[in-house]
Amino acid sequence: MLDASEGYITEDGRKIGGVVMEMKNITLRFGGVVAIKDISFDIREGEIRAIIGPNGAGKSSMLNVISGFYVPQEGEVWFHGQKRPPMRPYEVARQGIARTFQNIALFEGMSVLDNVMTGRLNYMQAGLFAQAIWRGKAEREETENREAVEKIIDFLEIQHIRKTPVSRLPYGLKKRVELARALAAEPKLLLLDEPMAGMNVEEKEDMSRFILDVNDEFGTTIALIEHDMGVVMDLSDRVVVMDYGKKIGDGTPDEVRNNQEVIDAYLGVAHD
Amino acid sequence: MFYREAGDFKTSYVADNQTFPIKFDRYRYYAVLVVAFGIIPFVINDYWANALLLPFLIYAIAAIGLNILVGYCGQVSLGTGGFMAVGAYACYKLMTAFPEVSMFIHVILAGGITAAVGVLFGLPSLRIKGFYLAVATLAAQFFLVWLFNRVPWFYNYSASGQINAPERDVFGIIITGPNAPAWATYLFCLIFLTACAVIARNLTRGTMGRTWMAIRDMDIAAEIIGVNPLKAKMTAFAVSSFFVGISGALFFALYLGAVEVGEAFGIQKSFLVLFMVIIGGLGSIFGSFAGAAFLVLLPVVLKVVGADMLGWPTDIVAHLQLVIVGALIITFLIMEPHGLAQLWRVAKEKLRLWPFPH
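Being a predicted model, the structure only gives us computed values, none of them experimental. (Residues numbered from 1 in each chain as written. Chains lettered and ligands numbered in written order. Predicted model: local features only at pLDDT ≥ 70, side-chain atom pairs only at ≥ 80, totals over all residues. Heavy atoms only, no water.)

A separate point is the overall build of chain A. Looking only at helices and strands, one finds 10 helices and 12 strands in chain A. Over its C-alpha atoms chain A spans a radius of gyration of 19 Å, differing by no more than 12% from the 19 Å that the globule rule assigns to 272 residues. In terms of its C-alpha atoms, chain A occupies a principal-axis envelope of roughly 70 × 40 × 40 Å. For chain A, the proportion of its 272 residues judged to be buried stands at 56%. For chain A, the proportion of contacts with a sequence separation of at least 24, taken over those separated by at least 6, is 66%. Surface accessibility of chain A: about 12300 Å² in total, with carbon and sulfur atoms responsible for 48%. Charge separation in chain A, taken as the distance between the mean sites of 33 positive and 44 negative side-chain charges, equals 7 Å. (Helix = DSSP H or I, 4+ residues; strand = E, 2+ residues; numbered from the N terminus. Rg over C-alpha atoms; globule rule 2.2 N^0.38 Å. Buried < 20%, exposed > 50% of the residue type's maximum accessible area, 1.4 Å probe, protein only. Contact = heavy atoms within 4.5 Å. Areas by Shrake-Rupley, 256 points an atom, 1.4 Å probe, with all protein chains shown as cover. Lys, Arg positive; Asp, Glu negative; His and termini not counted. Charge placed at Lys NZ, Arg CZ, Asp CG, Glu CD.)

Put into structure tokens, the structure is as follows:
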């Protein structure tokens, strides 16, 4: 089923392309603590790639490495066939990697619309003076990007709260607004850090549907971290399993589910 | 009842993005402009200009500037007085070095020089936040005042150490010095205030404002979604200091006329403008106006009511002012951190539904 160079066809018949992002032998240390130990995996175009593992396995650290927030001590990050030099997070964002956060990181003092518009910074080029007089490029950009943002707002069904300050929204909607902000950047790679944490069943179903729709309609490549095994196994095409900073499994949900090491990590194993 | 947005539909994003999307607000804004430009200059006299209008206009510019930095970008600054002094001294040096150049250009250049100085003293903000940044800007305040006191070049080696605004005109109308008519100085300041307010509003509702607010609300997340923190903070310091510099230049050249730096631009000035921003409302252009109006009016009203009408001793009235301002700061910080602007917003929300709130 897996073809190293050309991609593969998923169980539900979607065609997955070549490698978008490749992590090669990543090691990340905080002082003496090794958060990630020599991990390699790839993310392919159009796929939904899950990273799972027990608490403290290093999943979020891995996502932070991808989004440039942490610089690994060893290993290489390859994006679109090029080795990525160490760069600041905002430069990574410019390359087309957007993300959401485990604990919602919206801009609480701004409206939903402004939050989502902030996601489109990469498309805003008007200079300070054009913006100061609100003429020419500044006004044109504002309108064009507003149109793009309104499409995302429609897509995620948050039209009714467009002008509401984010601080007034309930948790589930905030998660959705955060997804909208990430999507507004039209990312090549979308990172979702526990998109369903703290949600009830209904909200989880909504969010799963949105994630699948995003992947389906925009063809966005998605890497996600999630604790809910049912959701992960349903959504993802391939799964990386981490435990204590090491990779203990990698493959389709079925392969991972039957991997003895993964079962041991999740259920615990008697030490003799 | 009279404040309505029902039926005021927008059919384009341009219309929805305008400064005053609600028709009623828009007309009120035009009405204010007509009164300010068309009526007040004809009825103004020296007392009104010097006691109320000029300080209000000039402090409003400073408050808008500080609000951009503190309210929109979340970078606390206690250096406003020092930056106003930079504007004033830059304006003075330019006025005396190039007497034939228009005052408009001098004031704008003074703003530009202050912007450069502001960026320089804003550099620590890349490393430190909150109280520590406030202390760093406090250093700017004391350093700048010391500099203007100690380096004679800045006050053209005058014996008193003061700077005095020479007489200058714009299109043949004298606007500085003792012979300037009240309406001319008023109009000159009003033009600058209007321009500053429009620019501030345009910047804060667009991309620039969103990057500032993103840095204010959550700087790490902002950086990860693509905000360059260096650029965002430095532009905030530059734009803020530009406005503060303009207000300093006007404060010196048009309002005071003669300035002794420690007295006119000391630490009290920094706090006064910060209080305006806090009482008026952090993160609101209207709040800057409200705060400036409030703190300019308060001593005048107290004097009229306390000293003139009730016959209290003037020193008691002066102390009462300090007490009231202090109490108000505490009250606002506890009850309404978003200041007068938020009270105004709440009032508008209520008016929209009045008289049928359900």
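Moving on, there is more to tell.
Another aspect to go through is the sheet that holds strand β8 (residues 97-99) of chain A. Residue and element names in this part refer to chain A. A sheet is described by the order of its strands in space; here six strands give the open sequence β8-β9-β10-β5-β11-β12, paired in mixed fashion. Since the sheet does not close on itself, it has two edges, and those belong to β8 and β12 (246-251), each with one partner. For this sheet the average axis-to-axis angle between neighbouring strands, irrespective of direction, equals 20°. One ladder, built from four bridges, connects strand β5 (residues 48-52) with strand β11 (residues 238-243); its direction is parallel. Across the sheet, the residue bridging to I51 is V240, located in β11. Contacts from helix α1 (residues 59-66) reach β5, β8, β9 (189-193), β10 (221-225) and β11, with the element oriented near 150° to β9. The strands touched by helix α10 (residues 260-267) are β5, β11 and β12; relative to β12, the strand with the most contacts, the crossing angle is about 125°. (Pairing = 2+ DSSP bridges. Axes fitted to C-alpha atoms, helices over the stretch in contact; angles between N-to-C directions.)

If you look at the interface, chain A gives 33 residues, while chain B gives 30 residues. Seen at the junction of chain A and chain B, the total is three salt bridges. A salt bridge links E142(A) to R210(B), with the shortest nitrogen-to-oxygen separation between them at 3.1 Å. Breaking the side of chain A that touches chain B down by element, the ones donating at least two residues are α2 (89-94), α3 (112-118), α4 (128-133) and α5 (137-155) of chain A. With six residues, the top contributor of residues to the side of chain A that touches chain B is α5(A). Partitioned by chemical class, the residues of the side of chain A that touches chain B number 17 nonpolar, four polar and 12 charged. (Salt bridge = Lys/Arg side-chain N within 4 Å of Asp/Glu carboxyl O. Nonpolar A, V, L, I, M, F, W, Y, C, P; charged D, E, K, R; others polar.)

Now for the UniProt feature "domain: ABC transporter" (unreviewed entry) in chain A. On the UniProt side, "domain: ABC transporter" (unreviewed entry) is annotated at positions that read residues 21-269 of chain A here. End-to-end, the C-alpha atoms of residues 21-269 of chain A are 34 Å apart, and along that stretch the chain is 39% helix and 24% strand. (UniProt positions renumbered as here; feature names shortened; annotations may be inferred.)

With that settled, the discussion passes to a nonpolar patch on the surface. All names here are of chain B. Nonpolar side chains collect at one region of the surface, where L297, V301, V304, V305, M309, L310, W312 and I316 lie side by side and expose about 710 Å² of accessible area between them. Here the nonpolar patch takes five residues from helix α13 (residues 285-309), the largest share from any one element. Relative to the helices and strands, V304 resides in helix α13. Classification of V304 by relative accessible area gives partly exposed; the value is 34%. (Patch = residues over 30% accessible without salt bridge, like charges linked within 9 Å, V, L, I, M, F, W, Y side chains within 5 Å.)

Let us look at the side chain of R238(A). Mapped onto the elements of the fold, R238(A) is located in strand β11. A polar atom in the side chain of R238(A) sits 3.0 Å from the side chain of D42(A). (Polar contact = N/O pair within 3.5 Å; in protein donor to acceptor, adjacent residues only side chain to side chain.)

On to the sheet that holds strand β6 (residues 74-79) of chain A, then. Judged by pairing direction, the sheet is antiparallel, and its four strands sit side by side in the order β4-β3-β6-β7 (chain A) without closing on themselves. If you trace the sheet from one side to the other, it starts and ends with β4 (33-44) and β7 (82-83) of chain A, each paired once.

Now for the domain arrangement of chain A. Residue and element names in this part refer to chain A. Along its sequence, chain A is organised into domain 1 (1-96 + 187-272) and domain 2 (109-180). For domain 1 versus domain 2, the distance between C-alpha centres works out to 28 Å. The partner domain 2 presents nine residues to the 19 residues of domain 1 that form the contact. Where domain 1 abuts domain 2, roughly 1100 Å² becomes buried across the two surfaces, and 67% of that area is made up of carbon and sulfur atoms. The largest share of the area that domain 1 buries against domain 2 comes from M207, F210 and F218, three residues that together contribute 37% of it. Taken together, the connections running from domain 1 to domain 2 amount to one salt bridge. As a salt-bridge pair, D206 and R176 come within 3.9 Å of each other at their nearest N and O atoms. At the junction of domain 1 with domain 2, the criterion picks out three residue pairs in polar contact (both at pLDDT 80 or more). Per-element accounting of the side of domain 1 that touches domain 2 gives the leading share, eight residues, to helix α7 (residues 201-217). Along the lines of polarity and charge, the residues of the side of domain 1 that touches domain 2 split into 10 nonpolar, one polar and eight charged. (Domains from an automatic or database assignment. Buried area = accessible area lost by both parts, 1.4 Å probe.)

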